[in-house]
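This is what each chain is made of:
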Amino acid sequence: MASANTSWSEENFSCSICLDVFSSPVSTPCGHNFCRTCITKFWDEQVKYKCPVCDELFNTRPDLRVNILILEMVDRFGTSVRVKEQPCVEPAEVSCDVCTGTQLKAVKSCLVCLIPYCQTHLEPHQRVAGLKKHRLVEPMDRLEDRMCKKHNRLLELFCQTEEVCVCQFCTETEHKSHPVIPLKEEYEVKTAQLGKIEAEVKQLIQERQRNIQEIKDTVKRIKADADEEIADGVQVLTALMCCIEKCQDDFNQMVKEKLKSAEKQAEDLIKGLEQEIEDLINRNSEVKQLSHTKDHLHFLQTFRSLKDPPPTRDWTRVEVRPPSYVGTLRRSLDQLEETLNMEMKKLRDAELKRVQQYEVDVTLDPDTAHPKLILSEDGKQVHDGGVKKRVQDNPKRFTLCTFVLPRQSFSSGRFYFEVQVKDKTIWSLGVARESINRKGWTTWTPEMGYWTLLYNNNGLVFRDDPDVSLPLRPEIQKVGLFVDYDEGLLSFFDVEARVHIYSVTGCTFTEPLYPILNPGHHGYEGNNSAPLIISPVNQTD
């Protein structure tokens, strides 16, 4: 038997698909040999069954049988094809589908085989006549997704009507009347649009980053406010506790001093009584002794000295006077109250200064004013002129109630403004939601969209159902109004007295809020003709 021809090239025993030494070599009816796995995978991805080397077509899928001769030669040769050193695939690059083990970078993709090949595994397409007819393109990943499912051709064109990728055959059939352009042209158009989209997305990202920073800054301010509030509270409460402790100490000391004085008085009385008792006992002893003497001369001489008793005190009206504690505790509490009032004044002053930081500029809108109202040119003053003027009607104007709104509204955050009410006998001010009824009569309650403070002959009230009567502030000059829209808080202040008047909590504000002013009717002989004046905040008041 002839010996094996060791001069044969190793490629004589390698599969033309994987370019590696045959593994379970099988033969096709046309006589070409392949690894069973390679040819099976190749035919699994084809519509028609053909030879990868000579392109011979088979009507049915051939029944593959092991080529025993090739199998024995491979076992005897005992070597594998050496693959030349090639670059390994990097991220975002296409890898060779044939390589096993280390994945090498693909240099071309075959539109017939639908496989990307590295330089080594591409070699049969450059050598074998049948494979040379295959169309090679730049390496593409998932090449099957780039093929038209209907015509098994590369998607190279773009249908502008249906905005889908199509192959050349598609333009001759269902997309025949549609305008199509090369994918590259549509890519350039979409790339330009992508740049715009990217800029828009970048802007949206920046806006949200700013929102995050604003939220963080708000939380920082909230924390600072909370720390300041805690510090102020601790300072006030600590001062109060110290005052209470001092009040208690002073009260205890006062009671103890009165007790000590009473005890000293009782002690002195007891000493006096004990001294007289001692003197009387001695006298009694002398009397007894004298009564037993038989010496007439001694008796008469001694009796003369015993005849006059020693001076004694009249104890019938002597008593220990219990100390009076009436007013002791009251005087201590009066002192505590005085200290508490001083601390409360400091607290009220700090609270007013804090809300005054949210001052807003409010200018009255003549288009909303009732026809009887007269506004100053700067929009800062309003009073009832007593005569209904002819004015142009509009949806914003009040026609029955003598109200006026400013130009400004508020839909979030906090705001504060002050109104001078000096020399007025009737007035009303507060805030109202945008949708209030401006053309007819209505109740001025929160339910109807009004949060107002009213002053008239009956005193000071917050308009509600029912009204809330408030302690009348003497000579109230200026009213401050603070609103925390998001917190649902509304507070009124007597600015001159630095005193909190009234607060409403738990309000649900869902619309823009407007400050609202009502100077009240002109009054008898013009006794209410003074204007309501929107005043700038003076924090040194």
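Nothing here was measured: the structure is a model prediction, and the numbers come from that model.

**Comments concerning the confidence of the model for the protein**
Alright, step 1. Across the protein, pLDDT averages 86, with 94% of residues at or above 70.
Alright, step 2. Across the protein, the secondary-structure element scoring lowest on mean pLDDT is helix H2 (residues 68-77), at 72, and the one scoring highest is strand S22 (residues 513-518), at 98.
Alright, step 3. The low-confidence segment residues 1-7, where pLDDT is below 50, has two contacts with residues more than four positions distant or belonging to other chains.
Alright, step 4. Low pLDDT, under 50, characterises residues 79-85; the stretch is placed with 14 contacts to residues that sit more than four places away or in other chains.

**Overview of the layout of surface pockets**
Alright, step 1. A volume near 810 Å³ is recorded for the largest pocket.
Alright, step 2. Along the wall of the largest pocket there are 24 residues; nearest its centre are Asp225, Glu229, Arg354, Tyr358 and Arg414.
Alright, step 3. When residues of the lining of the largest pocket are traced back to their parent elements, those giving at least two are helix H5 (183-291), helix H7 (328-356), strand S19 (478-484) and strand S20 (489-494).
Alright, step 4. Looking at the lining of the largest pocket, the element that brings in the most residues is H7, giving eight residues.
Alright, step 5. Each residue belonging to the lining of the largest pocket can be placed in one class, and the counts come to 10 nonpolar, four polar and 10 charged.

**A short note on the pattern of salt bridges**
Alright, step 1. Following the criterion strictly, the structure yields 24 salt bridges and no others.
Alright, step 2. One salt bridge in this structure joins Lys439 and Asp393, with 3.0 Å as the shortest N-O distance. Of this pair, Lys439 sits in the loop between strand S15 (427-433) and strand S16 (450-456) while Asp393 sits in the loop between strand S13 (381-384) and strand S14 (414-420), and the two are 46 residues apart along the sequence.
Alright, step 3. Put simply, Glu229, Asp232 and Arg354 are held in one network by salt bridges that share partners.

**Points about empty space enclosed by the protein**
Alright, step 1. Taken as a whole, this structure holds one cavity of 30 Å³ or more when the rule is applied.
Alright, step 2. By volume, the largest cavity is sized at about 60 Å³.
Alright, step 3. Lining the largest cavity are Ser16, Ile17, Phe42, Pro52, Cys113, Tyr117, His121, Pro124, His125 and Leu131.
Alright, step 4. Tallied by class, residues from the lining of the largest cavity come to seven nonpolar, three polar and no charged.

**A few points about the sheet that holds strand S8 (residues 136-137)**
Alright, step 1. On the basis of which strands lie adjacent, the open sheet formed by three strands has the order S7-S6-S8 and antiparallel pairing. With one partner strand each, in any of the chains shown, strand S7 (115-117) and S8 form the two edges of the open sheet.
Alright, step 2. Sheet topology places strand S6 (residues 108-110) next to S8; two bridges connect them, and they run antiparallel. Bridge pairing in S8 places Cys110 opposite Leu136.

Cut-offs used in this document
Residues numbered from 1 in each chain as written. Predicted model: local features only at pLDDT ≥ 70, side-chain atom pairs only at ≥ 80, totals over all residues. Heavy atoms only, no water. pLDDT = per-residue confidence, 0-100. Helix = DSSP H or I, 4+ residues; strand = E, 2+ residues; numbered from the N terminus. Contact = heavy atoms within 4.5 Å. 1 Å grid on protein atoms, 1.4 Å probe; cavity = no way out; pocket = protein on both sides within 12 Å on 5 of 7 lines; lining within 4 Å. Points joined across faces, edges and corners; volume = space filled by probe spheres on them. Nonpolar A, V, L, I, M, F, W, Y, C, P; charged D, E, K, R; others polar. Salt bridge = Lys/Arg side-chain N within 4 Å of Asp/Glu carboxyl O. Pairing = 2+ DSSP bridges.

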